[in-house]
Amino acid sequence: MERECSTAQVYVDIRFAANYRGLSTVVVMRIGYATGYWKQGPPRDAVKAVRTADRLGYESVWTAEAYGSDAFTPLAWWGSRTTRIKLGTAIAQMSARAPTATAMAALTLDHLSGGRVILGLGASGPQVVEGWYGQPFPKPLARTREYVAIVRDVLARENPVTAPGPHYPLPYAGADATGLGKALRSTVHPLRADLPIYLAAEGPKNVALSAEIADGWLPFLFAPRANAESAGFLQEGFALRSPALRPPSEFEVAVQVAVIPHPDVEAAADLVRPMIALYVGGMGAKGANFHRNVVDRLGYSEDCDRIQDLYLAGKKKEAIAAVPTKLVEEIALIGPPEKIRDELAAWEESVVTTMLVQGPAFALRALRDLVTGSGSLARARIASRMFARSLRQ
C-alpha cells in the first residue's frame, strides 16, 4: 500500500517566473486528477482512483458535466471517501443552474468537505445551452460576468442578493412577475466567503475575463507553444482586476493534459486522437466551433478542415486518423518516459500552475512521478509497459 504524503511532496522542483502586471512571481507546478465524462455509467474504479490520488498527494480531483451526469453529485460522493484533496468542478455549466443555485451547491459541499471546494464554471456552447437546457445563448461574456458576480455576492453574505440583470435579474421583475419576489440572503453562513472560482475559457476575451474576475483559468487544448499569447490575454484581464480579489500572483491555471507513458509514440497518440477529432470536428457547428478555433490558432487550419469535413460526413474513423501526431504532441505528453520528461520543461515554463491528468488507479503513482520528476525513470518505464499491456486486455 502507498504511504500517505503531503501535497508539498508532489510539487516539482523546477519553478518558473510569470510576469503578471510587472510582478515576478514564483509559481510551483501542481498535479490534479480529472475523472472525466461518464459514458454509460460512472468511470470504472472511480472511487479507487480518487482515493489513490488523495493518498499519493495529488492536490485536487475534478469532475465534469455535459448532458448526462452532473458535476456536483459525484464530487460529493467520491469526495466523502477522501481526507485532504481539493474538490473541483471542471466544469459546472452555467446554464444548468441559476447562479444562486450554483452558489448553494458550492457552499454546501464546501462545508461538508471542510473547505476543499474549487468552483469551476463555464458557459458551454449553443448546441448544449439551446439544445439541452432550452435556453438562449446570448452574450456569453456578459452572462459570465453577471453569473460570477451573483455567486460572489451569495458567498459574501453581506446583504440580500440583488442584481439588475439583464440575464439574471434578482428579484425577478419581468412582465409575468407576481411582484412578490423578495431579495434574500443565504440562510447558511458560507465556510469561505472567498471560495475560489475558476473559469473555463478558450477565446481571447474569455481568457482575459477569467483573469479579471476569477481566481483561476481552466484552458482546453492548451499548447505551451502558445504560452506567450495566453500570457498576453491574461495580462489584459489583470490590468482590469479588482484589488478586492486575490492578487494576480495567486492566480491559478489548471489544464487537463493527456499524459500517456507508452513505449510506442504512435500507439499513445492513437489514444488522444479521438478526443481531438471529436472536439475539432464534431463539436459546435461548421464555422462556430470554439474548440477548433484554439487549434486553428496553433496553425492547423488545413488539418482542422479535413477533420471537420470527415467528421460531419459521418466518417469518424477517417477523421480520427486525420489528426496529426504533431498536434497530439503539442497538447499532450505521450511516449516513453524519457521523452515525456524532456518535454515537461516547456509546460513548466508556461503559465500553467496545475496539470490535471487521467488514468486508472494503478497508473497514478507513475503519472505523479513523471509530472513532478520525483521518481526514477526505471520505475516509469515499468509503469509504461504495464499501461500498454492494460490497453490490450
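Note that the coordinates shown come from a computational prediction; the quantities given were computed from them, not determined experimentally.

(A) Structural detail: unusual backbone geometry. At the junction of Gly165 and Pro166, the peptide bond is cis and its omega measures out at 15° in the coordinates. Note that Pro166 resides in the loop between helix 5 (140-156) and strand 8 (197-200). Cis peptide bonds are those with omega within 30 degrees of zero, and the linkage from Leu170 to Pro171 qualifies with -10°. For Pro171, the position within the fold is in the loop between helix 5 and strand 8.

(B) Inspection of the pattern of salt bridges at higher detail. Evaluated as defined, the whole model comprises 21 salt bridges. Measuring nitrogen to oxygen at the nearest pair gives 3.4 Å for the salt bridge that ties Glu59 to Arg30. With Glu59 in the loop between helix 1 (46-56) and strand 4 (60-63) and Arg30 in strand 3 (residues 30-34), this pair connects stretches of sequence that are 29 residues apart. You can call Arg30 buried: its relative accessible area is 11%. Among the charged side chains, a network of salt bridges with common partners joins Arg152, Asp194, Asp215, Arg241 and Arg246.

(C) A look at helix 7 (residues 227-238). Along its 12 residues, helix 7 runs 16 Å from first to last C-alpha, staying within 8% of the 16 Å computed at 1.5 Å per residue. The complete set of buried residues in helix 7 reads Asn227, Ser230, Phe233, Leu234, Gly237 and Phe238. Relative to the axis of helix 7, the buried residues are bounded by an arc of 140° and lie together on one face.

(D) Examining the nonpolar core more closely. Of all hydrophobic cores here, the largest spans 66 residues; its most connected members are Tyr58, Leu121, Trp217, Leu234, Val259 and Met355. The element best represented in this core is helix 5, accounting for six residues. Setting aside chain neighbours within four positions, we find Trp217 in contact with Leu199, Ala201, Val207, Ser210, Phe222, Ser230, Leu234, Phe251, Glu252, Val253, Ala254 and Val351.

(E) Just the packing of helix 2 (residues 72-79) against helix 3 (residues 99-113), in detail. The contact between helix 2 and helix 3 brings their axes to 11 Å, and the two run at 5°. In terms of their interaxial angle, helix 2 and helix 3 are classed as roughly parallel. On the side of helix 2, the interface is formed by Phe72, Leu75 and Ala76, while helix 3 contributes Thr102, Ala105, Ala106 and Leu109. Of the residues assigned to the contact of helix 2 with helix 3, the class counts are six nonpolar, one polar and no charged.

The rules we used
- Residues numbered from 1 in each chain as written.
- Predicted model: local features only at pLDDT ≥ 70, side-chain atom pairs only at ≥ 80, totals over all residues.
- Heavy atoms only, no water.
- Helix = DSSP H or I, 4+ residues; strand = E, 2+ residues; numbered from the N terminus.
- Salt bridge = Lys/Arg side-chain N within 4 Å of Asp/Glu carboxyl O.
- Buried < 20%, exposed > 50% of the residue type's maximum accessible area, 1.4 Å probe, protein only.
- Expected span 1.5 Å × (residues − 1).
- Arc of directions from axis to C-beta.
- Core = buried A, V, L, I, M, F, W, Y, C linked by side-chain atoms within 4.5 Å.
- Contact = heavy atoms within 4.5 Å.
- Axes fitted to C-alpha atoms, helices over the stretch in contact; angles between N-to-C directions.
- Parallel < 35°, antiparallel > 145°, perpendicular 65-115°, else oblique.
- Nonpolar A, V, L, I, M, F, W, Y, C, P; charged D, E, K, R; others polar.

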